[in-house]
Amino acid sequence: MPSIDLTGKAAVVTGSGRGLGLAYAHALAAHGASVVVNDIDEAVAEQAVKSITEAGGRAVAEVVPVGTTEAADRLVSRAVEEFGRLDVLVTNAGILRDRVLWKMTDDDFDAVITTHLKGTFTCARAAAVRMREQGEGGSLILVGSPAGQRGNFGQTNYAAAKAGIAAMARTWSMELGRAGITVNAIVPVAATAMTETIPAFAPYAEAMRNGEPLPDFLRKGEGFGTPEDCAALVPFLASEAARGITGQAIGIGGDKVALWSHPQEISAAYADGGWTPETLADAFPTSVGAELQTVGIPAPKFPEA
Ligand SMILES: NC(=O)c1ccc[n+]([C@@H]2O[C@H](COP(=O)([O-])OP(=O)(O)OC[C@H]3O[C@@H](n4cnc5c(N)ncnc54)[C@H](O)[C@@H]3O)[C@@H](O)[C@H]2O)c1
């Protein structure tokens, strides 16, 4: 078994006061990395630093809302001031403002895009500048979502942001390859404050809080478990063992790890001299339209009662 040793490396994890980000920060610190914990909630950020320190790790808190260049610069500077360098960035901070399209306000849209998409862009840009200066490579670990991969009812803003994040991971993996900086999007699924509101999972989240084990159909079938279940992927992607892995979207949750495909053409048809609306109407249903793609996140498959 290869050992995962991040001793001497410094990481920034955005939104790491609670939920998945907290689990990522703990996992990085447990494998030797020094961590800048970031959140907008000062109390949870300080508590996170305390719990990491008590567990024998090294961490400091930087309380600032990601989404601006100033916030990104503060996070990278803090890592450099405290730990002398930056090797790993996890862009995890996020919020939800779910509404169907016709009820979604500009504020709902902007808040989610600013935190997730612009937060990821600004933090990754600041980190890339620093990592390129250091000249020793690095790991950008972005956070996608099944909603961004597949679309999800009521999540215009969130699906757009997460699809954009997966697209940025592909683009940056090309741009940063020569600098030895890997860029991947992880696609986690876990019981957190964010998913507690999903009615199908609510009773299981409650059971988990009471320390009861989750059934196999959830841990394996749905790939659903605790934030700690997702956290293993982060130190792995930050380590030497994952140097060759870049530009990927990797699902993690419960007992499951999965590789997502990237969009690609799956069928094609040709008309000499180009298509007209009429020839498309004639040929589409029996050629490229013969098997249209499904959308949405498949509903959970509950075992028969
Ligand atoms: N929970 C899941 O199953 C799931 C699934 C797919 C993707 N994700 C993604 O994982 C990430 C973490 O989700 P979670 O479920 O742990 O959520 P959470 O709500 O439990 O935690 C998110 C944290 O981010 C912080 N935050 C919010 N806005 C911020 C900002 N502008 N700057 C800094 N911190 C900010 C919050 O205060 C909170 O502590 C998000 O990007 C989310 O979209 C979660």
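The structure reproduced in this document is the subject of the present report. (Residues numbered from 1 in each chain as written. Predicted model: local features only at pLDDT ≥ 70, side-chain atom pairs only at ≥ 80, totals over all residues. Heavy atoms only, no water.)

### Considering the site of the ligand
Around the ligand there are 29 residues in total, and L20, D39, N92, Y158 and T192 lie nearest to it. A distance of 3.0 Å is found between an oxygen atom of the ligand and a side-chain nitrogen or oxygen belonging to K162. Computed on the free molecule, the ligand has an accessible area of 830 Å², of which 93% lies beneath the protein chains in the complex. Breaking the shell around the ligand down by element, the ones donating at least two residues are α1 (19–30), β2 (34–39), α4 (106–134) and α6 (156–175). Tallied by class, the residues present in the shell around the ligand amount to 15 nonpolar, 11 polar and 3 charged. (Near = heavy atom within 4 Å. Polar contact = N/O pair within 3.5 Å; in protein donor to acceptor, adjacent residues only side chain to side chain. Areas by Shrake-Rupley, 256 points an atom, 1.4 Å probe, with all protein chains shown as cover. Helix = DSSP H or I, 4+ residues; strand = E, 2+ residues; numbered from the N terminus. Nonpolar A, V, L, I, M, F, W, Y, C, P; charged D, E, K, R; others polar.)

### Topic: the packing of aromatic side chains
One pass over the structure, following the stated rule, counts 3 aromatic pairs. For the pair Y204 and F217, a centre-to-centre distance of 5.8 Å together with 80° between the ring planes defines the contact as edge-to-face. Here the residue Y204 occupies a position in helix α7 (residues 202–209), and F217 occupies one in helix α8 (residues 216–221), the gap between them amounting to 13 residues. Note on F217: relative accessible area 17%, which makes it buried. Members of the aromatic cluster, connected to one another through ring pairs, are Y204, F217 and F302. (Phe/Tyr/Trp six-rings, centres within 6.5 Å; stacked < 30°, edge-to-face > 60°. Buried < 20%, exposed > 50% of the residue type's maximum accessible area, 1.4 Å probe, protein only.)

### Brief notes about α4
End to end, α4 covers 40 Å across 29 residues, agreeing with the expected 42 Å (1.5 Å per residue, within 8%). Trailing α4 by a residue or two, G135 shows a phi angle of about 75°, which is positive. (Expected span 1.5 Å × (residues − 1).)

### Re the environment of A241
Here A241 lies in the loop between α10 (233–238) and β7 (249–253). Sequence separation of A241 and S3 is 238 residues, and the distance between their C-alpha atoms is 8.5 Å. Excluding residues within four positions of it along the chain, A241 makes contact with I4 and F236. (Contact = heavy atoms within 4.5 Å.)

### Quick word on the sheet that holds β7
Strands sit in the order β3-β2-β1-β4-β5-β6-β7-β8 across an open sheet of 8 strands; the sheet is mixed. The two strands at the open ends of the sheet, each matched to only one other strand, are β3 (58–63) and β8 (256–259). Across the sheet, the mean angle from the axis of one strand to that of its neighbour is 20°, orientation sign disregarded. As defined by bridge partners, strand β4 (residues 88–91) adjoins strand β5 (residues 138–143) across 4 bridges and the pair is classed as parallel. Across the sheet, residue V88 finds its bridge partner in β5, namely S139. (Pairing = 2+ DSSP bridges. Axes fitted to C-alpha atoms, helices over the stretch in contact; angles between N-to-C directions.)

### Observations concerning the packing of α1 against helix α2 (residues 42–54)
At a minimum axis distance of 10 Å, the contact between α1 and α2 shows a crossing angle of 30°. As far as their axial angle goes, α2 and α1 are roughly parallel. Crossing handedness for the pair α1 and α2: right-handed. Facing L22, A25, H26 and A29 of α1, the residues of α2 in contact are A48, S51 and I52. Tallied by class, the residues present in the contact of α1 with α2 amount to 5 nonpolar, 2 polar and no charged. (Parallel < 35°, antiparallel > 145°, perpendicular 65-115°, else oblique. Left-handed = near helix turned anticlockwise from the far one by under 90°.)

### Some points on the environment of V187
By the secondary structure assignment, V187 is in strand β6 (residues 181–188). Classification of V187 by relative accessible area gives buried; the value is 2%. Measuring from C-alpha to C-alpha, the distance between V187 and V257 comes to 9.5 Å, with 70 residues separating the pair along the chain.

### A look at the pattern of salt bridges
In the structure shown here, the tally under the stated rule is 14 salt bridges. The closest approach of N and O atoms between R18 and D41, which form a salt bridge, is 2.9 Å. Here R18 is found in the loop between β1 (10–13) and α1, whereas its partner D41 is found in the loop between β2 and α2, with 23 residues between them in sequence. R18 sits in the partly exposed class, given a relative accessible area of 42%. The class of D41 is partly exposed, set by a relative accessible area of 27%. We note a salt bridge from E62 to R74, for which the minimum N-O separation is 2.8 Å. Here E62 is found in strand β3, whereas its partner R74 is found in helix α3 (residues 69–83), with 12 residues between them in sequence. Several salt bridges share partner residues, and in doing so they unite D216, R219, K220, D229 and D255 into one network. (Salt bridge = Lys/Arg side-chain N within 4 Å of Asp/Glu carboxyl O.)

### What about the pairing of β2?
Of all 6 residues making up β2, 6 are buried, and the element is well covered by its neighbours. Of the two faces of β2, both are covered, the one formed by S34, V36 and N38 as well as the one formed by V35, V37 and D39. With 4 bridges joining them, β1 and β2 adopt parallel strand pairing. Looking across to β2, one finds that V12 is bridged to V36. The β-α-β motif built from β1, the intervening α1 and the parallel element β2 has right-handed crossover chirality. Here β2 pairs with β3 via 6 bridges, running parallel. Note on β3: the bridge partner recorded for D39 is V63. For the segment spanning β2, α2 and β3, crossover handedness is right-handed. (Right-handed = clockwise from strand over helix to strand, strands pointing away.)

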